[in-house]
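Spelled out, the chains give:
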Amino acid sequence: MDLAKSTPPKPSPRSARPAPKSAMSYLRKHMREYGILFALIVIMVFFQVTTDGILLKPVNLTNLILQNSYIVIMAVGMLLVIVSGNIDLSVGSVLGFIGALAAVMIVNWHVPYVLAGIICLAMGAVIGMAQGFWVAFYKIPSFIVTLAGMLVFKGLTLWLLEGQSVGPFPENFQLIASGFVPDIFGVERFNMVSLMVGVVVAGGILYLATRSRMEQVRAGLVEEPFPFFVGKYGLITIALVYMSYLMATFRGLPNVFIVMALLIAIYSFVANRTTVGRRIYAIGGNAKAAKLSGIPSEKLIFLTFANMGMLAALAGLVFAARLNTATPKAGVSFELDVIAAVFIGGASMSGGVGTIVGAVVGAFIMGVMNNGMSILGIGIDWQQVIKGLVLLAAVVFDVYNKKKG
Amino acid sequence: MDTILEMRGITKEFPGVKALDNVNVSVRRGEIRALVGENGAGKSTLMKVLSGVYPAGTYDGEILYEGQPMAFRGIADSEELGIIIIHQELALVPELSIAENIFLGNEIAHRGIIDWPETKRRTVALLEKVGLDEHPETKVDDLGLGKQQLVEIAKALSKDVRLLILDEPTSSLNERDSDALLDLLIDLRDREGLSAIMISHKLNEVSKVADSLTVLRDGMTVTSRDMSDSSYGEAEIIRDMVGRSMSDRYPARTPKIGETVMEVRNWMVHHPTHTGRLVVDNVNFHLRRGEVLGIAGLMGAGRTELAMSLFGQEYGRAITGEVRINGAHADLTTIPKAIKAGLAYVTEDRKSYGLVLDETIRRNIPLANLEAVAKRGVVDDRREASVADEYRRRINIKCASIEQETVNLSGGNQQKVVLSKWLFADPEILILDEPTRGIDVGAKFEIYTIIAELAAMGKSIIVISSEMPELLGITDRLYVMNEGRFVGELPTPEATQEKIMAMIVNSGE
């Protein structure tokens, strides 16, 4: 113990650390991260078998992504809200409201769709700020503020649409949700660009993962056993390339897929690597300690809500474009799917715990189950029951694991 | 007199700490046994073992109650047999009435429907027994702490208590309430034959009520005596509690004190909800470079409130007064501003206010100065890790690795993580609020050493502590605080516990 010296007396920090732990103990500690990925694989295999291979048919895979895109987009924002220790119940209504706003602007008022899109995103951010304001600065529980928001925007949607459906949208606007990456190579019945995008994305992920692992090795901080590293990223690479190959044989990668991939990448980076992300986790983990550490909690919570509003708006545009119409029923109970996805993905109700990738995987677990059960002809009644039980099981598993760990 | 309770060879370990090591305690029927020892000696842990808070199987050793071996799985098991524990922090529901609190979880009911007349009748009888003249329907929130303590005892009596355990029952009471409580205990023992264990470190109280005494130190039984043993007086008890002379418990240091760094003038702080109530009343003090300044006082004197009102006005309303740092007016109105002005506040409650428990050591340490390990808002993992590792070595945080979650560290090591966090923010002035509460003796010495080294580096340190020996051992100068006011100032070499107590007691006049 010598505080006066700024240079450490012992130059070998690595010798002070214990040898890397066994694979088993590592697995036990990171059960929830691997568990969720494993669950997705098991569910996919299960439905692939029971639907006689329909699940992974290119046309169905494409559908699966389109159907879940708006849930995934919102789950990314919701993860940050939930990690900060709050919740946003209004996202479904905001999605509906923004879709309606877009329809009224574009169809009724003939506003150019790009301008309308920008206004909608800005409107979403403003809605998020309006709710975040009360949560962050007046300490009104987010459950209540956003419950109010849910009612308000559901009502405003009805008012804006005057109870009617408004559509259709111009073709270019529809492309947000129903377009595919263009094929510039002209290979017969095969979208070469899609496959290349898939390969590039997979390569990028591999590159980043390898680089950060090498950094960890240099800093002597490696925790993940090497076989796990290889297995995990091998699986991700194969899945991405195979999926883009499959979809290339149909119409190619949907535009929405690119949007989702970008969002996941950006928000993972923000959550893991930036000071803003770190501080959001700290606020959720222990709000008082974070505040006493000089972290501007109010501003950051305000920001997570503004961001959530903007992403709900984006999801609203995607959803409206996909249906090619804005209806007063759009977005009803979507917030529940989004929140369920985040919790299935391992986030904690009390905040401070959860990952973007986990939330996305959670969204796809829900999505694959919806899709698979529909193909199997299971009625909407039992679908709800099964989804509810899966949510409960996922969270029970988390809590059980935490107690044991 | 036969033996009602015997605990034999109790050993209890936590990750990194052996809290109890082969402890033996017995209680005879109808006696009050005092359990004394320093903070962290293991008294509360022992009582948690006895009451089943730590269930059978999580500790080693044997509990014999009424001659039978016991294996409690939880508090309900021990309560059923009449072992009732009253914790230091009272377990009353402030919004409920006295009667509701007394019979909470133990309601007088027929098929789930509460019999209110009977509840009230019995409450009145119990209140009479404990000498509390209050209506059964009075809200507990409206009672003072002394009366709340009596409600706790009434609650214990309602459960047919056979062995009452009191964990520092007078720690938050004033002298009159304390006396009343102790008289009540004696009365219950003599009239009702109550057996009790009283944890305390106030030796005058022990002499007053206890029939026998057990001293714990560092988790071990040092001695068990009858109070009638005249060769064993207060000096001997203190010797056994402390176990070593004062000089070994604190690192030696030669203070190098420079110019005045911080000056606080006419500082007034009001209670955040009770408007008009002054919590800090016209406090003036100064702090010099390289100085370790102590603030002594009893619990509730307003010391933490003073510290938190200075640190970004985190506590209080209608704060007035001036703070000058290095001669210039300092703006401390928000926490980021206070940190920027060179202040750090290490909280008394590290679990609730100091650490993000689910996160690793690595992620906790840079939290108050995240920019320093980040570039343009992006955290550099390697820098962060090397910073955390440097502090791990420099102040000797005992852990498997910096990737360990802080929730799994012992109290002393958690405190070192909190200290590291603030050292990394590089403050000029550190306010340490009860820096050694609840940590073991070895770790205390290390914390004292860190404080001494920080002072030697020219940092200025304010230590708030309820342990007077600690203040006398590590500070250069002392202020005494009572009921929101500074009631005395002493150079530490001239101070004694008696002088400080006298200042507190006389300040009311």
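Since the structure is predicted, the reported quantities are computational estimates derived from the model, not experimental observations.

## Comments concerning the environment of Ile462 of chain B
Here comes step 1: Relative to the helices and strands, Ile462 of chain B is located in strand 22 (residues 460–464).
Here comes step 2: Every residue in contact with Ile462 of chain B, bar those within four places of it in the chain, is listed here: Met262, Phe285, Leu287, Leu293, Ile295, Leu430, Ile431 and Leu432 of chain B.

## Remarks on the sheet that holds strand 13 (residues 260–270) of chain B
Residue and element names in this part refer to chain B.
Here comes step 1: Read from one edge of the open sheet, 4 strands run 14-13-16-17, paired in antiparallel fashion. On the outer flanks of this sheet lie strand 14 (278–288) and strand 17 (328–329), each paired with one strand and no other.
Here comes step 2: Here 2 bridges tie strand 16 (residues 317–325) to strand 17, and the two strands are oriented antiparallel to one another. Of the residues in strand 17, the one forming a bridge with Arg324 is His329.

## Description of unusual backbone geometry
Glycine aside, the phi torsion of most residues is negative, and most peptide linkages are trans.
Here comes step 1: With an omega dihedral of -10°, the bond running from Gly167 of chain A to Pro168 of chain A counts as a cis peptide bond.
Here comes step 2: Secondary-structure assignment places Pro168 of chain A in the loop between helix 7 (142–161) and helix 8 (171–178).
Here comes step 3: Phi is positive for Ser333 of chain A, which is not a glycine, with a value near 65°.
Here comes step 4: Note on placement: Ser333 of chain A falls in the loop between helix 14 (297–323) and helix 15 (334–344).
Here comes step 5: According to the relative accessible area criterion, Ser333 of chain A is partly exposed, its value standing at 37%.
Here comes step 6: One non-glycine residue, Asn22 of chain B, lies in positive phi territory at about 55°.

## Here we look at the interface of chain A and chain B
Here comes step 1: On the chain B side, the residues contacting the 38 residues of chain A number 49 residues.
Here comes step 2: Between chain A and chain B, the buried area comes to about 3800 Å², and carbon and sulfur atoms account for 57% of it.
Here comes step 3: A salt bridge links Glu314 of chain B to Lys291 of chain A; the nearest nitrogen and oxygen atoms lie 3.0 Å apart.
Here comes step 4: Applying the counting criterion to the chain A and chain B interface returns 10 residue pairs in polar contact (both at pLDDT 80 or more).
Here comes step 5: Mapped onto the side of chain A that touches chain B, the elements with two or more residues apiece are helix 1 (13–16), helix 9 (192–219), helix 11 (255–273), helix 12 (275–285) and helix 13 (287–292) of chain A.
Here comes step 6: Taken together, the residues of the side of chain A that touches chain B sort by class into 16 nonpolar, 8 polar and 14 charged.

## Here's the deal with the domain arrangement of chain B
Here comes step 1: Along its sequence, chain B is organised into domain 1 (3–242), domain 2 (248–342 + 427–509) and domain 3 (349–426).
Here comes step 2: Computed over C-alpha atoms, the centres of domain 1 of chain B and domain 2 of chain B are 33 Å apart.

## Observations regarding the pairing of strand 9 (residues 163–167) of chain B
Residue and element names in this part refer to chain B.
Here comes step 1: Counting buried positions along strand 9 gives 5 out of 5 residues, so the element sits mostly inside the fold.
Here comes step 2: Of the two faces of strand 9, the one carrying Leu163, Ile165 and Asp167 and the one carrying Leu164 and Leu166 are both buried.
Here comes step 3: Pairing of strand 6 (residues 83–86) with strand 9, which is carried by 4 bridges, proceeds in the parallel orientation. The residue bridging Ile85 from the neighbouring strand is Ile165, located in strand 9.
Here comes step 4: One ladder, built from 5 bridges, connects strand 9 with strand 10 (residues 195–199); its direction is parallel. Note on strand 10: the bridge partner recorded for Ile165 is Ile197.

Rules used in this analysis
- Residues numbered from 1 in each chain as written.
- Chains lettered and ligands numbered in written order.
- Predicted model: local features only at pLDDT ≥ 70, side-chain atom pairs only at ≥ 80, totals over all residues.
- Heavy atoms only, no water.
- Helix = DSSP H or I, 4+ residues; strand = E, 2+ residues; numbered from the N terminus.
- Contact = heavy atoms within 4.5 Å.
- Pairing = 2+ DSSP bridges.
- Buried < 20%, exposed > 50% of the residue type's maximum accessible area, 1.4 Å probe, protein only.
- Buried area = accessible area lost by both parts, 1.4 Å probe.
- Salt bridge = Lys/Arg side-chain N within 4 Å of Asp/Glu carboxyl O.
- Polar contact = N/O pair within 3.5 Å; in protein donor to acceptor, adjacent residues only side chain to side chain.
- Nonpolar A, V, L, I, M, F, W, Y, C, P; charged D, E, K, R; others polar.
- Domains from an automatic or database assignment.

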